[in-house]
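# Descriptive structure summary
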Amino acid sequence: LRFSIPYPSDSSTILYFVGNKMHVYKGQGNIDDLVDYAINGYELDLENTEIPVSLDTIDQIVKTLKSAIGQDNRFALSFIDDLENIYRLRKNAGAALLILGVALGICLCLIFDIIFRKEPSTQSNKFKRE
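Let me begin by describing the structure that accompanies this report. (Residues numbered from 1 in each chain as written. Predicted model: local features only at pLDDT ≥ 70, side-chain atom pairs only at ≥ 80, totals over all residues. Heavy atoms only, no water.)

Further remarks concern the overall build of the protein chain. Tallying secondary structure elements over the protein chain gives four helices and three strands in all. From first element to last, N terminus to C terminus, the protein chain shows the α and β order β-β-α-β-α-α-α. Buried residues in the protein chain amount to 9% of all 130 residues. Counting only contacts in the protein chain whose residues sit at least 6 apart along the sequence, the fraction spanning at least 24 positions is 43%. About 11,600 Å² of surface is accessible on the protein chain, with carbon and sulfur atoms providing 60% of the total. (Helix = DSSP H or I, 4+ residues; strand = E, 2+ residues; numbered from the N terminus. Buried < 20%, exposed > 50% of the residue type's maximum accessible area, 1.4 Å probe, protein only. Contact = heavy atoms within 4.5 Å. Areas by Shrake-Rupley, 256 points an atom, 1.4 Å probe, with all protein chains shown as cover.)

Turning next to the packing of aromatic side chains. A full pass over the atoms with the stated rule returns one aromatic pair. Ring plane angle 35° and centroid distance 6.0 Å describe the contact between phenylalanine 112 and phenylalanine 116, whose orientation is recorded as tilted. In this pair, phenylalanine 112 and phenylalanine 116 are both assigned in helix H4 (residues 91–116), four residues apart and thus about one turn of the helix distant. We classify phenylalanine 116 as exposed; its relative accessible area is 60%. Above the ring of tyrosine 87, the side-chain terminus of lysine 91 is found at 5.0 Å from the ring centroid. (Phe/Tyr/Trp six-rings, centres within 6.5 Å; stacked < 30°, edge-to-face > 60°. Lys NZ or Arg CZ within 6 Å of the ring centre and 35° of its normal.)

What follows covers a nonpolar patch on the surface. Taken together, the side chains of Leu104, Leu108, Ile111, Phe112, Ile115 and Phe116 make up a nonpolar region of the molecular surface, amounting to roughly 630 Å² of accessible area. Owing to a relative accessible area of 43%, isoleucine 111 belongs among the partly exposed residues under this scheme. (Patch = residues over 30% accessible without salt bridge, like charges linked within 9 Å, V, L, I, M, F, W, Y side chains within 5 Å. Salt bridge = Lys/Arg side-chain N within 4 Å of Asp/Glu carboxyl O.)

With five bridges connecting them, strand S1 (residues 14–18) and strand S2 (residues 21–25) associate as antiparallel partners. Paired with phenylalanine 17 across the two strands is methionine 22, which belongs to S2. Hairpin geometry of S1 and S2 is characterised by an intervening segment of two residues between the two adjacent antiparallel strands and by a positive phi of about 65° at glycine 19. Sheet topology note: the S2/strand S3 (residues 49–50) ladder contains two bridges and is antiparallel. The partner of methionine 22 across the bridge, within S3, is threonine 49. (Pairing = 2+ DSSP bridges.)

Counted by the stated rule, this structure contains three salt bridges. When the shortest N-O distance is used, the salt bridge between glutamate 84 and lysine 66 registers 4.0 Å. Note that glutamate 84 is positioned in helix H3 (residues 74–89) and lysine 66 in helix H2 (residues 57–69), a separation of 18 residues in sequence. Taking relative accessible area as the criterion, lysine 66 reaches 27% and is therefore assigned partly exposed.

Printed below as a string of structure tokens:
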């Protein structure tokens, strides 16, 4: 998943890493061509890319959610992108929002419990001793 190597492929895929770049070797598989590519040829390769970062747990969850939702539900995809953006760029703000949301939920539960609590009825107690 990290390097997006097609499997199964018709030929072997050889990735050459130098610096922070990843080069895909597309030449013949013999040793002389490989050595020549490793010494000089990779510098001529215009299709080099940055080395992809490994997927962490959040990346896997986001990828799973996006594939489960599909491309039709733009609102849900936008919401997931926003959550991912908060996680990536504003972790402290995300943690503060989560803590405030939990605290607000607890406070509302306590308030509703106080307001809508029913006092036990003394007349309807069937097990009352006379």
